[in-house]
Every structure is written in structure tokens, then in C-alpha cells.
Amino acid sequence: MNASHPTLSALAVGNVMLPNRLFVAPMAGVTDRPFRQLCKSLGAGYAVSEMVTSRKDLWHTLKTSRRANHEGETRPIAVQIAGTDAAMMAEAAAYNIDRGAQIIDINMGCPAKKVCNKWAGSALMQDEPLALQIVEAVVAACAPHNVPVTLKMRTGWSQQHKNAERIARAAEQAGVAMLTVHGRTREQGYKGQAEYDTIAAVKAAVRVPVVANGDITTPEKALAVLQHTGADAIMIGRAAQGRPWIFGDIAHYLATGTHRAAPLTQQVKQWLLAHLDDHYGLYGEFAGVRTARKHIGWAVRALPGGEAFRTLMNALDSCAAQVQAVADYFDELSLGHDRLPAGAVDVSEDDDAQEAREAACTAN
């Protein structure tokens, strides 16, 4: 491992150059513009937006307008779209390109029942002809704008129905510029262990870049997944929640084979406060305070006194009070811990958080 490790080099996706190969996974209710910007500032080379619906009647809703907000965002700007109708998906691609998207990602990976019951997300993997129609339509809509199309999918619908390799071949033939595979079936949801043999098979089957996703929580795991799959890049989701500097940690490990020191407690405070300021700017006071709670909770959940602070913080209902509470907590923590305490990493997700994420993983 050294500074020339391939994952730290640039990656071409069509005509778009990504600065490195450490990516933020699109997560509904999480990867809004402020969170994407935070991760990019701390070492991520690429971040995909939350899923945007292909339903035209919902494009002007507050939820969709926030998801499509890219004001001041570091390029490249990637937008994930979801739906079941090829013509509507093509129109959604063009709509988002008009609003600044430089890469369009097709969602074929969301396992949420709200999405799958409408045959969108990972449910499309059950209908390969329809999936291919959508890919072809979106690629055709993006081609005149010279905007590459990418696809995120699962290994298949169930353990008995793994067809990622077949879909990957068809998608590449149709013009998709990059493929991301989450190493779970739709049946698994977010439970169980991700497997990487299917990702390795997809990588061996196509020539376009392949991205490995699923259970990458440490620098060691990142290296192991890269070695096992031969993937061109890795995508990190839950492990970045509350720990957005994981991208820099992984980059350091791949370059040197050693772990860098934990971040300074006061530096983490500054990162979080800057994130909150950006977050409130997007959501406003009422929604901003409430939607920020999960980000703050993730940041403190494994820290000393974190659970007690989380309970206190969840009762606050103003931006000013929330900011002051966060500043006070980290100031007090820094008195005994110049850097974040060793082992203060918890990437588990409780049932309520997972249920909320799956409920949010909807295209409307």
C-alpha cells in the first residue's frame, strides 16, 4: 500500500472525472446536500443524491425540491432517480440535467416495501425486460447532453434469484457508464451479512467501472473488499453516519497501511456545527431542528455520555438551543479527551433508525 494505491486515483465515469474512488452511498433521509458536502470535504470523491421520483406531479413538492437542491455543491453533481415507467424515467433524467445534474443514477437497489410494491427500486430486478427498457430510455435521454448514466442495484431479488451479473451485462450493452452493487438481495433488506462474490462476478463480466457496496465499516474492511472483488471503487453508507471522516481514514490506510490518529474533539465539534448551519439553511428552523437530530445522535451515540445527551438534545426545539447543546457537549468532552476516545465507533443501526430509513426510502 502506498500513495499510488489505485483507489486514491481519479476515476472516469463517461466524460466526468471523479477525484478518487471513495464514494458516499445514496441514503434516503440522509444524503441531502449538506451531508454530501460534509463527506466530500472530509475525503469522499463522489456522493449521490437521495432518490428523486420520476413522477412529474411530485417534482415541485417541498421534499423533492430539497432533494434536488445542489446550490453551492462541489461537482460532480449526481442525481439518483427512481420509477417504473421508461418514458417517465427519461423525462426525469432530462429534468434533473436541466437543474445541474452531471451524472444520472438509476435506482435498482432500494429494498423498501413502499418502493418495491410499486415495482421500483430493487423490484425491477424481477422484471429484467422492464429494467432494460428503463436503462435504454434514460441513456437515450442523457446522451444529447453528454451526461453519463450509472446504475445501482442489489445482487438480486432473493438468494434463489441472483441476477446482478446478467443485468450488469445488459446495462453495459445499453450504455451504462458505471455499476454499483450492494452485496445483499432485496429479501435481506439491510440485515444479515453482505457478500462479495457476486460483486466480483459482476466485475469480471463487464468493462465499465464497478463499485462495491455493503458492510464497509473500517479501513481494513475497505481493503479486504477491494482485494476480494477487484472493484474499481467502494461505496460507504451507514458507516459514514456520524463519522463522515471515514473516507479520509480509509484513504490514509490504503496509502500507508497504518491508521491515522482519531480526529481532535474540537475539530469534530467544528465539523458538526458547520454541518448543522448548512442543514438549517436548507430545511429552515422547524424541519431543520427535527431532521438534524439523527445526525447529532449518530455523532454522539458511542461517545461518553452520548445516550444521555441524545435524550436531552431530542427535547430541544430551536436551532440556537441545539447548536449550544452540541457545542457544550463537545467542549466538556474535550476536557478529558483531546481526541475522540478510542473505540468510539458504532455503525450499528437500531430497529427504529432502520425502520425510519426504509420508510424514507420512497420515491415521493
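Not measured: the values here are computed from a predicted model.

1. A word on the overall build of the protein
Within the protein, the secondary structure is distributed over 13 helices and 10 strands. Put simply, the protein has 364 residues, and 59% of those count as buried. When the accessible surface of the protein is summed, it comes to about 14500 Å², and 52% of that surface belongs to carbon and sulfur atoms.

2. As for the pattern of salt bridges
Under the definition given, this model contains 12 salt bridges. When the shortest N-O distance is used, the salt bridge between Glu-73 and Lys-40 registers 3.2 Å. With Glu-73 in the loop between α2 (62-67) and β5 (78-82) and Lys-40 in helix α1 (residues 33-41), this residue pair connects regions lying 33 residues apart in the sequence. Taking relative accessible area as the criterion, Glu-73 reaches 7% and is therefore assigned buried. Judged by relative accessible area, Lys-40 falls into the buried class, the value being 12%.

3. Focus on the packing of helix α8 (residues 219-229) against helix α9 (residues 246-256)
Between two packed helices, both the angle of their axes relative to each other and the distance between the axes serve to describe the pair. Remark: α8 packs on α9, axes separated minimally by 9 Å, with the N-to-C direction vectors making an angle of 65°. In terms of crossing hand, the pair formed by α8 and α9 is right-handed. Where α8 approaches α9, its residues Pro-219, Glu-220, Ala-222, Leu-223 and Leu-226 are matched on the opposing element by Asp-249, Ile-250, Tyr-253 and Leu-254. Each residue belonging to the contact of α8 with α9 can be placed in one class, and the counts come to seven nonpolar, no polar and two charged.

4. Some words on the confidence of the model for the protein
Summarising the model, the protein shows a mean pLDDT of 89, and 88% of its residues fall at 70 or more. Here residues 115-119 is modelled with pLDDT under 50, and outside its nearest four sequence neighbours on either side it reaches 18 contacts, counting other chains as well. Under a pLDDT of 50 for its full length, residues 349-364 has, in the predicted model, 38 contacts with residues more than four places off or in other chains.

5. Quick word on the packing of helix α11 (residues 306-313) against helix α12 (residues 319-336)
Where α11 meets α12, the axes come as close as 11 Å, and the angle between the chain directions of the two elements is 165°. Compared by their axis directions, α11 and α12 come out roughly antiparallel. Like other packed secondary-structure pairs, α11 and α12 cross with a definite hand, here right-handed. Seen from α11, the contacting residues are Gly-306, Phe-309 and Met-313; seen from α12, they are Gln-322, Ala-325, Val-326 and Tyr-329. Classifying every residue of the contact of α11 with α12 gives five nonpolar, two polar and no charged.

6. What about the pairing of strand β8 (residues 178-185)?
Buried residues dominate β8, accounting for eight of its eight residues. Where strand β7 (residues 149-156) lies against β8, six bridges are found, and the strand directions are parallel. Paired with Leu-151 across the two strands is Leu-179, which belongs to β8. For the segment spanning β7, helix α6 (residues 164-174) and β8, crossover handedness is right-handed. Of the strand pairs in this sheet, β8 and strand β9 (residues 210-213) are connected by four bridges, and their pairing is parallel. Bridge pairing in β9 links His-182 to Asn-213.

7. Notes on the sheet that holds strand β10 (residues 233-236)
With parallel pairing, the eight strands of this closed barrel are ordered in space as β3-β4-β5-β6-β7-β8-β9-β10. Across the sheet, the mean angle separating the axes of adjacent strands is 30° when strand polarity is ignored. Against the sheet, α1 engages β3 (22-24) and β4 (46-53), with an angle of about 165° to β4.

8. Some details on unusual backbone geometry
Glycine aside, residues mostly have negative phi, and peptide bonds are mostly found in the trans state. Cis geometry is adopted by the peptide bond preceding Pro-76, which originates at Arg-75 and carries an omega value of 5°. With respect to the helices and strands, Pro-76 occurs in the loop between α2 and β5. Positive phi outside glycine occurs at Asn-146, with the angle close to 60°. Its location among the elements puts Asn-146 in the loop between α5 (128-142) and β7. Backbone geometry at Asp-215 places phi at a positive 60°, although glycine is not the residue there. A relative accessible area of 18% places Asp-215 in the buried class.

9. Quick notes on α12
Between its first and last C-alpha atoms α12 spans 27 Å; for 18 residues at 1.5 Å apiece the expected length is 26 Å, and the two agree. If you follow the buried residues of α12, they end up packed against α10 (265-300) and α11.

10. Focus: α1
With eight of its nine residues buried, α1 lies for the most part within the structure. Packing partners of the buried residues in α1 comprise β3, β4, α9 and α10. For α1, the side-chain oxygen to backbone nitrogen distance between the N-cap and Phe-35 is 3.1 Å, and the N-cap itself is Asp-32. Positive phi shows up at Gly-43, right after α1, with a value of about 120°.

Criteria and cut-off values
- Residues numbered from 1 in each chain as written.
- Predicted model: local features only at pLDDT ≥ 70, side-chain atom pairs only at ≥ 80, totals over all residues.
- Heavy atoms only, no water.
- Helix = DSSP H or I, 4+ residues; strand = E, 2+ residues; numbered from the N terminus.
- Buried < 20%, exposed > 50% of the residue type's maximum accessible area, 1.4 Å probe, protein only.
- Areas by Shrake-Rupley, 256 points an atom, 1.4 Å probe, with all protein chains shown as cover.
- Salt bridge = Lys/Arg side-chain N within 4 Å of Asp/Glu carboxyl O.
- Axes fitted to C-alpha atoms, helices over the stretch in contact; angles between N-to-C directions.
- Left-handed = near helix turned anticlockwise from the far one by under 90°.
- Contact = heavy atoms within 4.5 Å.
- Nonpolar A, V, L, I, M, F, W, Y, C, P; charged D, E, K, R; others polar.
- pLDDT = per-residue confidence, 0-100.
- Parallel < 35°, antiparallel > 145°, perpendicular 65-115°, else oblique.
- Pairing = 2+ DSSP bridges.
- Right-handed = clockwise from strand over helix to strand, strands pointing away.
- Expected span 1.5 Å × (residues − 1).
- Polar contact = N/O pair within 3.5 Å; in protein donor to acceptor, adjacent residues only side chain to side chain.

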